[in-house]
Amino acid sequence: MTRTAAICGVGYTPFTRDSGASVLRLAVEACDAAVADAGLDPADVDGVATFSLNSDSTPAVAVASSLGVTESKVLLDVQMGGQAPCYLTGLVARLIECGEIETAVVYRAMNGRSESRVGGMAFPGEGALYRYPIGYGGYASYVAMWATRFLHETGQGPDDLWSVVERQSAAAATNPRAIRPGGVTRDGYFDSPFVVEPFRKWDCTAEVDGACAVVLTTLERARDLRWQPVVVKASAYSAHSQSGTDIGDHLAWSDYSRNYTSWLRDRLFGAAGLTPADIDVAEIYDCFTSTVLIGLEGLGFCGRGESGAFLREGGPLAVNTHGGLLYEGYLHGMNTVTEAVLQLQGRAGANQCAAHATAVVTSGALMDGSALILASE
Amino acid sequence: MPEPTEPTAAARRFENAYFADGLAQHRLVVKRCTACEHAQFPALPRCPACGSWELRDDEIRTSGDVYSWIRINREELVTDDAADLLPLVVVTVDLDDGVRLFGRYAPGGTPAIGERVAGTFVERRGATDLVFERAAR
Ligand SMILES: [Zn+2]
């Protein structure tokens, strides 16, 4: 008998600028909330998965112990940034499908504002000495380097970055979780100075303290739980040829105008038996505005060079309905997955989309990353 | 931002030591595969194109074309010892000898994609930086 995995609950802590709590406390609060949201008990959990960057989080074993998990059959700690949420969710779904585990929690927890700010983080590795000695530091700088090339090659520009800000900051205005008030005006955008050209502050995500989590179990079990099951239809990760030697090493990557979304697209949609036209909701990883444009084009939601216009036209595809990481807050993309789940379950509040049967979610900005196709049952 | 001291120091000791050593001598050096002539930064322990472990130091030209560029305006985005360089323009250059490299761009200038550049070696705080500026085509 084939088993199918489904997401059955989500949990959040508030997103703040100074949590005043340990990362472990945040993690446990979010995981406990997710388990309760599903209508499950911590004793049902037998797998915990998470990710961290430069030791900025708390390990899965600590969360399993604090939650009161009776026996963990899988604990996964991966050293990754925003490439991880879809990747881990997909891996855990496969583990459930093959019978290794029954029910698992995937979380991201961090004091990303008050303690470990990724914006000022140096990434060790082989590539480090080609960047830091000349002052080329900061993840924003690397994504900006790609953005300059992407906009040039695709014939786009500042107006196309603004289109991301316009749409997502409007969504944030009606999202009670959002750390930024939203509602950025065109003048407010263009009058703000460059942080790292071509990015202004409104193109850059807002780091936060907080945690969020999803719970997965078998579809069969999920049918008896509180919410409509969200089936993990497909998952894919890609680190294409010469993805570098650390998270910031893009020296040997040949094409800054295409990221992992271009490389995993066919596998992702093929595995789900769907096409971009079948998708209602796209939650595209957006540490910076340019990654939304690159992602929409890479996944084939629009043609090359058409992503800015695609957003302005406001077609049927819902994009970054919570305001994205840019405006809700930067939980390294775990909150991109949870937002997709809330949309598919019809409980996204003021920002609920009318059509919400299928969603694509992505995780990651540059060389490597992952994606999911989710569907409500 | 903090310096990635330990890992950088480690990387500098082994396969990648040749790079900073070369800059200190005002030479741009790449590890090139003796079997297939492939070269890339950073140096990997063996050639990713053909699998050969036989790599040689190869001094290459600093000339190339700007592939992309940025201008960093904020202190938290540069390493601690580069704050006095702000605003800092960094270019990604496709060098004529077949490798891509990051470098500083001449202070005060604004590069363009496709622009012809050449590098000069500039001493700064005990190390040598490669600084690119516009060159004749
Ligand atoms: Zn070779």
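Residues numbered from 1 in each chain as written. Chains lettered and ligands numbered in written order. Predicted model: local features only at pLDDT ≥ 70, side-chain atom pairs only at ≥ 80, totals over all residues. Heavy atoms only, no water.

> Honestly, the coordination of the zinc ion in this entry has me stumped. Any pointers?
Under ideal tetrahedral coordination, the four donors around a metal are separated by 109.5 degrees; under ideal octahedral coordination, the six donors are separated by 90 or 180 degrees. All names here are of chain B. Donor atoms from the polypeptide that bind the zinc ion are C33 (SG), C36 (SG), C47 (SG) and C50 (SG), placed at 2.3 Å. Coordination at the zinc ion is tetrahedral: its 4 donor atoms span angles of 101 to 114° at the metal. Counting residues between consecutive donors of the zinc ion along the chain gives the motif C-x2-C-x10-C-x2-C. Here C36 is found in the loop between β1 (29-33) and β2 (55-59), whereas its partner C50 is found in the loop between β1 and β2, with 14 residues between them in sequence. A residue is classified by how much of its surface remains accessible, and C36, at 34% relative accessible area, is partly exposed. By relative accessible area, C50 is classed as partly exposed at 40%. (Donors = N, O, S within 2.8 Å, 3.2 Å for Na, K, Ca; no water. Tetrahedral: all angles 85-135°; square planar, octahedral: opposite > 155°, others 65-115°. Helix = DSSP H or I, 4+ residues; strand = E, 2+ residues; numbered from the N terminus. Buried < 20%, exposed > 50% of the residue type's maximum accessible area, 1.4 Å probe, protein only.)

> Mind showing me how you'd approach the nonpolar core here?
As a rule of thumb, nonpolar side chains are buried together in soluble globular proteins. Within the largest apolar cluster, 104 residues are counted, with the highest numbers of intra-cluster contacts made by A:Y139 and B:F41. If you tally residues by element for this core, the top one is helix α5 (residues 139-154) of chain A, at 10 residues. For this core, the domains that each give at least three residues are domain 1 (9-60) and domain 2 (63-134) of chain B. Those residues in contact with A:Y139, other than ones at most four positions away along the chain, are A:G119, A:F123, A:I247, A:C287, A:F288, A:A365 and A:L366. Membership of the second largest hydrophobic core comes to 43 residues, among which are A:V78, A:V106, A:A206 and A:L372. (Core = buried A, V, L, I, M, F, W, Y, C linked by side-chain atoms within 4.5 Å. Domains from an automatic or database assignment. Contact = heavy atoms within 4.5 Å.)

> Looking at this structure, how should I read the domain arrangement of chain B?
How big an interface is tends to be stated in terms of the accessible area lost upon association of its parts. Residue and element names in this part refer to chain B. When cut into domains, chain B gives domain 1 (9-60) and domain 2 (63-134). The C-alpha centroid of domain 2 is placed 21 Å from the C-alpha centroid of domain 1. On the side of domain 2, 10 residues touch domain 1, which itself brings 12 residues to the contact. Interface area, domain 1 with domain 2, both sides summed: about 890 Å², of which 71% is carbon and sulfur. Among the residues domain 1 hides against domain 2, the three largest losses belong to L23, H26 and F41. Together they make up 51% of the total. On inspection of domain 1 and its partner domain 2, the count reaches 0 salt bridges. In this assembly, domain 1 and domain 2 are joined by 2 residue pairs in polar contact (both at pLDDT 80 or more). Here the side of domain 1 that touches domain 2 takes 3 residues from helix α2 (residues 17-24), the largest share from any one element. By residue class, the composition of the side of domain 1 that touches domain 2 is 8 nonpolar, 2 polar and 2 charged. (Buried area = accessible area lost by both parts, 1.4 Å probe. Salt bridge = Lys/Arg side-chain N within 4 Å of Asp/Glu carboxyl O. Polar contact = N/O pair within 3.5 Å; in protein donor to acceptor, adjacent residues only side chain to side chain. Nonpolar A, V, L, I, M, F, W, Y, C, P; charged D, E, K, R; others polar.)

> Help me understand the interface of chain A and chain B, please; the structure alone is not making it clear to me.
Every contact between the two is made by 42 residues of chain A and, on the other side, 42 residues of chain B. In this assembly, chain A packs against chain B so that about 3,500 Å² is buried in total across both faces, 64% of it on carbon and sulfur atoms. When residues of chain A are sorted by the area they lose upon contact with chain B, A:Y130, A:I134 and A:L251 head the list and together hold 21% of the total. Notably, a salt bridge pairs B:R71 with A:E197, separated by 2.5 Å at the nearest N-O pair. Within the residue set of the side of chain A that touches chain B, elements represented by two or more residues are α4 (128-131), α5 and β5 (194-197) of chain A. For the side of chain A that touches chain B, the element with the most residues is α5(A), which contributes 8 residues. Partitioned by chemical class, the residues of the side of chain A that touches chain B number 20 nonpolar, 15 polar and 7 charged. Pairing of β5(A) with strand β3 (residues 64-72) of chain B, which is carried by 2 bridges, proceeds in the antiparallel orientation. In the sheet register, A:V196 faces β3(B), and the bridge partner there is B:I72. (Pairing = 2+ DSSP bridges.)

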